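These are the residues of each chain, in order.
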Amino acid sequence: GDSVTQMEGPVTLSEEAFLTINCTYTATGYPSLFWYVQYPGEGLQLLLKATKADDKGSNKGFEATYRKETTSFHLEKGSVQVSDSAVYFCAPSIGGTPLVFGKGTRLSVIA
Amino acid sequence: DGGITQSPKYLFRKEGQNVTLSCEQNLNHDAMYWYRQDPGQGLRLIYYSQIVNDFQKGDIAEGYSVSREKKESFPLTVTSAQKNPTAFYLCASSIEGGREAFFGQGTRLTVV
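Rules behind the numbers
- Residues numbered from 1 in each chain as written.
- Chains lettered and ligands numbered in written order.
- Predicted model: local features only at pLDDT ≥ 70, side-chain atom pairs only at ≥ 80, totals over all residues.
- Heavy atoms only, no water.
- Salt bridge = Lys/Arg side-chain N within 4 Å of Asp/Glu carboxyl O.
- Buried < 20%, exposed > 50% of the residue type's maximum accessible area, 1.4 Å probe, protein only.
- Helix = DSSP H or I, 4+ residues; strand = E, 2+ residues; numbered from the N terminus.
- Pairing = 2+ DSSP bridges.
- Axes fitted to C-alpha atoms, helices over the stretch in contact; angles between N-to-C directions.
- Contact = heavy atoms within 4.5 Å.
- Polar contact = N/O pair within 3.5 Å; in protein donor to acceptor, adjacent residues only side chain to side chain.

With respect to the pattern of salt bridges
Item 1. Following the criterion strictly, the structure yields eight salt bridges over all chains and no others.
Item 2. Where A:Asp84 meets A:Lys77, a salt bridge forms, and the shortest distance between an N and an O atom there is 2.7 Å. Summarising the burial analysis for this pair, A:Asp84 and A:Lys77 share the class buried.
Item 3. In this structure, B:Lys71 engages B:Asp30 in a salt bridge whose closest nitrogen and oxygen atoms are separated by 3.4 Å. Of the two residues, B:Lys71 is situated in the loop between strand 7 (64-66) and strand 8 (76-78) and B:Asp30 in the loop between strand 3 (19-25) and strand 4 (31-37); the sequence distance between them amounts to 41 residues.
Item 4. On the basis of relative accessibility, which here comes to 23%, the residue B:Lys71 falls in the partly exposed class.

A few points about the sheet that holds strand 5 (residues 32-38) of chain A
Residue and element names in this part refer to chain A.
Item 1. If you walk across this open sheet you meet the five strands as 2-11-10-5-6, and the pairing is mixed. Looking at the sheet topology across the chains shown, the edges are occupied by strand 2 (11-14) and strand 6 (44-50). Taken pair by pair, the neighbouring strands of this sheet meet at an average axis angle of 25°, ignoring direction.
Item 2. Taken together, the three bridges between strand 10 (residues 86-93) and strand 11 (residues 105-110) define a ladder with antiparallel strand orientation. Each bridged residue has a counterpart across the sheet, and for Ala86 the counterpart in strand 11 is Leu107.

Considering the environment of B:Thr77
Residue and element names in this part refer to chain B.
Item 1. Position of Thr77 among the secondary structure elements: in strand 8.
Item 2. Looking at Thr77, the relative accessible area reads 18%, which means it is buried.
Item 3. With 55 residues separating them in the primary sequence, Thr77 and Ser22 have C-alpha atoms 8.8 Å apart.
Item 4. Not counting residues up to four positions away in its chain, the partners in contact with Thr77 are Asn18, Val19, Thr20, Gly63, Tyr64 and Ser65.
Item 5. At a separation of 2.9 Å, a polar atom in the side chain of Thr77 contacts the side chain of Thr20.

Section: the sheet that holds strand 3 (residues 19-21) of chain A
All names here are of chain A.
Item 1. Read across the open sheet, the four strands follow the order 3-9-8-7; overall the sheet is antiparallel. Each edge of the open sheet is held by one strand with a lone partner, namely strand 3 and strand 7 (56-59). Neighbouring strand axes in the sheet, compared pairwise and without regard to direction, differ in orientation by 15° on average.
Item 2. Pairing of strand 8 (residues 62-65) with strand 9 (residues 75-77) involves three bridges; the strand directions are antiparallel. For Glu63, the partnering residue across the bridge sits in strand 9 and is Glu76.

Right, here's the structure in full:
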(Lines give C-alpha, C1' and ligand atoms only; values in the text may rest on other atoms or scores of the structure.)
Protein backbone atom coordinates (compact mmCIF):
# COMPACT_ATOMS: atom_id res chain seq x y z
CA GLY A 1 0.00 0.00 0.00
CA ASP A 2 0.90 3.65 -0.07
CA SER A 3 3.19 4.94 2.62
CA VAL A 4 5.22 7.99 3.51
CA THR A 5 8.41 8.48 5.50
CA GLN A 6 9.24 11.79 7.06
CA MET A 7 12.36 13.02 8.71
CA GLU A 8 12.28 12.39 12.45
CA GLY A 9 12.00 15.39 14.70
CA PRO A 10 12.12 17.44 16.68
CA VAL A 11 14.02 19.98 14.64
CA THR A 12 15.29 23.06 16.45
CA LEU A 13 16.57 26.03 14.46
CA SER A 14 17.53 29.59 15.14
CA GLU A 15 15.51 32.34 13.52
CA GLU A 16 16.54 33.02 9.88
CA ALA A 17 18.10 29.56 9.48
CA PHE A 18 17.44 27.38 6.44
CA LEU A 19 14.90 24.59 6.85
CA THR A 20 14.65 21.24 5.11
CA ILE A 21 12.23 18.52 6.14
CA ASN A 22 12.64 15.36 4.09
CA CYS A 23 9.70 13.34 2.82
CA THR A 24 9.74 10.24 0.65
CA TYR A 25 6.79 8.14 -0.39
CA THR A 26 5.93 4.83 -1.95
CA ALA A 27 2.86 4.68 -4.13
CA THR A 28 1.62 3.02 -7.25
CA GLY A 29 0.58 5.42 -9.94
CA TYR A 30 1.04 9.17 -9.72
CA PRO A 31 -0.01 10.60 -6.38
CA SER A 32 -0.80 14.17 -5.55
CA LEU A 33 1.50 15.39 -2.79
CA PHE A 34 0.66 17.68 0.10
CA TRP A 35 2.32 19.36 3.06
CA TYR A 36 0.14 20.25 6.02
CA VAL A 37 0.97 22.29 9.12
CA GLN A 38 -0.49 21.92 12.60
CA TYR A 39 -0.20 24.61 15.26
CA PRO A 40 -0.63 23.62 18.92
CA GLY A 41 -4.14 22.47 19.81
CA GLU A 42 -5.47 22.95 16.29
CA GLY A 43 -6.40 20.93 13.25
CA LEU A 44 -4.23 20.64 10.15
CA GLN A 45 -4.00 23.34 7.52
CA LEU A 46 -2.90 22.79 3.95
CA LEU A 47 0.47 24.47 3.44
CA LEU A 48 1.20 23.59 -0.18
CA LYS A 49 0.63 20.93 -2.80
CA ALA A 50 1.85 19.54 -6.12
CA THR A 51 -0.14 17.34 -8.44
CA LYS A 52 2.35 16.19 -11.07
CA ALA A 53 6.03 15.50 -11.51
CA ASP A 54 8.37 18.54 -11.38
CA ASP A 55 5.61 20.77 -10.03
CA LYS A 56 6.73 23.13 -7.28
CA GLY A 57 4.26 24.00 -4.56
CA SER A 58 4.86 27.18 -2.60
CA ASN A 59 3.21 29.20 0.14
CA LYS A 60 4.34 31.59 2.90
CA GLY A 61 7.99 31.20 1.87
CA PHE A 62 7.84 27.38 1.98
CA GLU A 63 8.53 25.34 -1.15
CA ALA A 64 8.50 21.69 -2.17
CA THR A 65 9.18 20.08 -5.54
CA TYR A 66 7.56 16.86 -6.73
CA ARG A 67 10.48 14.59 -7.64
CA LYS A 68 9.13 11.49 -9.29
CA GLU A 69 12.55 9.96 -9.94
CA THR A 70 13.41 9.99 -6.23
CA THR A 71 9.79 9.75 -4.98
CA SER A 72 10.42 12.73 -2.74
CA PHE A 73 8.70 15.96 -1.78
CA HIS A 74 11.07 17.73 0.61
CA LEU A 75 9.86 20.89 2.33
CA GLU A 76 12.21 23.90 2.37
CA LYS A 77 12.23 27.46 3.63
CA GLY A 78 15.09 29.87 3.25
CA SER A 79 14.65 31.80 6.49
CA VAL A 80 12.45 30.48 9.28
CA GLN A 81 10.65 32.61 11.82
CA VAL A 82 9.52 31.89 15.37
CA SER A 83 5.95 31.82 14.05
CA ASP A 84 6.85 28.80 11.88
CA SER A 85 7.11 26.63 14.99
CA ALA A 86 4.59 23.85 14.42
CA VAL A 87 4.29 20.22 13.35
CA TYR A 88 4.59 19.54 9.61
CA PHE A 89 3.01 16.56 7.86
CA CYS A 90 3.72 15.16 4.43
CA ALA A 91 0.86 13.32 2.70
CA PRO A 92 0.57 11.59 -0.69
CA SER A 93 -2.72 10.65 -2.23
CA ILE A 94 -3.76 8.57 -5.19
CA GLY A 95 -7.05 9.67 -6.68
CA GLY A 96 -10.03 8.33 -4.80
CA THR A 97 -8.20 7.31 -1.64
CA PRO A 98 -7.81 9.16 1.66
CA LEU A 99 -4.59 10.97 2.39
CA VAL A 100 -1.88 8.91 4.10
CA PHE A 101 0.03 11.03 6.59
CA GLY A 102 3.60 10.80 7.75
CA LYS A 103 4.29 10.84 11.49
CA GLY A 104 4.92 14.55 11.46
CA THR A 105 8.03 16.61 12.14
CA ARG A 106 7.98 19.07 15.01
CA LEU A 107 9.82 22.29 14.27
CA SER A 108 10.88 24.72 16.99
CA VAL A 109 12.38 28.05 15.98
CA ILE A 110 14.17 30.04 18.66
CA ALA A 111 14.83 33.77 18.55
CA ASP B 1 -17.98 31.32 5.94
CA GLY B 2 -17.52 27.81 4.59
CA GLY B 3 -15.75 25.36 6.78
CA ILE B 4 -15.76 22.22 8.83
CA THR B 5 -16.87 22.28 12.45
CA GLN B 6 -16.14 19.79 15.15
CA SER B 7 -17.78 19.85 18.52
CA PRO B 8 -17.11 19.85 21.34
CA LYS B 9 -13.46 20.91 21.51
CA TYR B 10 -12.93 18.99 24.77
CA LEU B 11 -14.88 15.96 25.93
CA PHE B 12 -14.63 13.92 29.08
CA ARG B 13 -16.28 10.54 29.56
CA LYS B 14 -16.20 7.73 32.02
CA GLU B 15 -14.78 4.40 30.97
CA GLY B 16 -17.44 2.10 29.52
CA GLN B 17 -19.61 4.88 28.09
CA ASN B 18 -20.19 5.42 24.40
CA VAL B 19 -19.60 8.95 23.16
CA THR B 20 -20.41 10.65 19.85
CA LEU B 21 -18.22 13.31 18.26
CA SER B 22 -19.86 15.73 15.89
CA CYS B 23 -18.51 16.83 12.49
CA GLU B 24 -20.37 19.18 10.15
CA GLN B 25 -19.22 20.77 6.90
CA ASN B 26 -20.82 23.38 4.65
CA LEU B 27 -18.29 23.08 1.83
CA ASN B 28 -20.53 20.81 -0.25
CA HIS B 29 -17.83 18.15 -0.13
CA ASP B 30 -18.65 14.56 -1.00
CA ALA B 31 -15.86 12.89 0.99
CA MET B 32 -15.41 13.01 4.75
CA TYR B 33 -12.86 11.39 7.05
CA TRP B 34 -12.08 10.69 10.68
CA TYR B 35 -8.49 10.50 11.89
CA ARG B 36 -7.06 9.79 15.30
CA GLN B 37 -3.89 11.52 16.48
CA ASP B 38 -1.72 10.22 19.29
CA PRO B 39 1.64 11.69 20.34
CA GLY B 40 4.44 10.45 18.12
CA GLN B 41 2.14 8.44 15.84
CA GLY B 42 0.92 10.97 13.35
CA LEU B 43 -2.61 10.63 12.00
CA ARG B 44 -4.31 7.28 11.57
CA LEU B 45 -7.46 6.82 9.51
CA ILE B 46 -10.50 5.50 11.39
CA TYR B 47 -13.32 5.69 8.83
CA TYR B 48 -14.06 7.53 5.63
CA SER B 49 -17.07 8.18 3.46
CA GLN B 50 -17.02 9.11 -0.22
CA ILE B 51 -20.74 9.56 -0.61
CA VAL B 52 -23.89 9.78 1.47
CA ASN B 53 -25.07 6.45 2.95
CA ASP B 54 -21.73 4.78 2.29
CA PHE B 55 -18.55 4.53 4.36
CA GLN B 56 -15.46 2.35 4.63
CA LYS B 57 -13.21 1.24 7.46
CA GLY B 58 -9.80 2.76 7.75
CA ASP B 59 -6.73 1.33 9.45
CA ILE B 60 -8.05 1.44 13.03
CA ALA B 61 -11.84 1.08 12.83
CA GLU B 62 -12.23 -1.38 15.70
CA GLY B 63 -14.24 0.12 18.55
CA TYR B 64 -15.63 2.96 16.42
CA SER B 65 -18.78 3.45 14.36
CA VAL B 66 -19.97 6.14 11.94
CA SER B 67 -23.00 7.15 9.92
CA ARG B 68 -23.42 9.33 6.85
CA GLU B 69 -27.10 10.08 6.53
CA LYS B 70 -26.56 13.63 5.27
CA LYS B 71 -23.86 15.07 3.05
CA GLU B 72 -23.00 17.69 5.66
CA SER B 73 -22.61 15.41 8.65
CA PHE B 74 -20.32 12.52 9.60
CA PRO B 75 -20.57 11.75 13.32
CA LEU B 76 -18.16 9.34 14.99
CA THR B 77 -19.16 7.15 17.93
CA VAL B 78 -16.43 5.89 20.20
CA THR B 79 -17.80 2.76 21.79
CA SER B 80 -16.88 1.02 25.01
CA ALA B 81 -15.12 -1.60 22.86
CA GLN B 82 -12.36 0.88 22.01
CA LYS B 83 -9.58 -0.03 24.43
CA ASN B 84 -7.64 3.24 24.41
CA PRO B 85 -10.08 5.99 23.43
CA THR B 86 -8.21 8.94 24.91
CA ALA B 87 -6.83 10.84 21.91
CA PHE B 88 -7.21 13.87 19.66
CA TYR B 89 -9.81 13.23 16.94
CA LEU B 90 -9.73 15.09 13.65
CA CYS B 91 -12.48 15.27 11.06
CA ALA B 92 -11.76 16.32 7.49
CA SER B 93 -13.54 16.67 4.18
CA SER B 94 -12.57 16.93 0.53
CA ILE B 95 -14.45 17.64 -2.66
CA GLU B 96 -13.81 14.03 -3.63
CA GLY B 97 -11.58 11.23 -2.44
CA GLY B 98 -7.87 11.87 -2.87
CA ARG B 99 -8.10 15.63 -3.20
CA GLU B 100 -6.83 18.14 -0.67
CA ALA B 101 -8.55 17.76 2.66
CA PHE B 102 -9.88 20.50 4.92
CA PHE B 103 -9.72 19.83 8.63
CA GLY B 104 -11.79 20.79 11.63
CA GLN B 105 -10.23 22.07 14.82
CA GLY B 106 -10.35 18.66 16.47
CA THR B 107 -11.95 17.15 19.57
CA ARG B 108 -9.78 16.09 22.47
CA LEU B 109 -11.44 13.12 24.15
CA THR B 110 -10.36 12.07 27.61
CA VAL B 111 -11.75 8.91 29.13
CA VAL B 112 -11.33 8.52 32.88
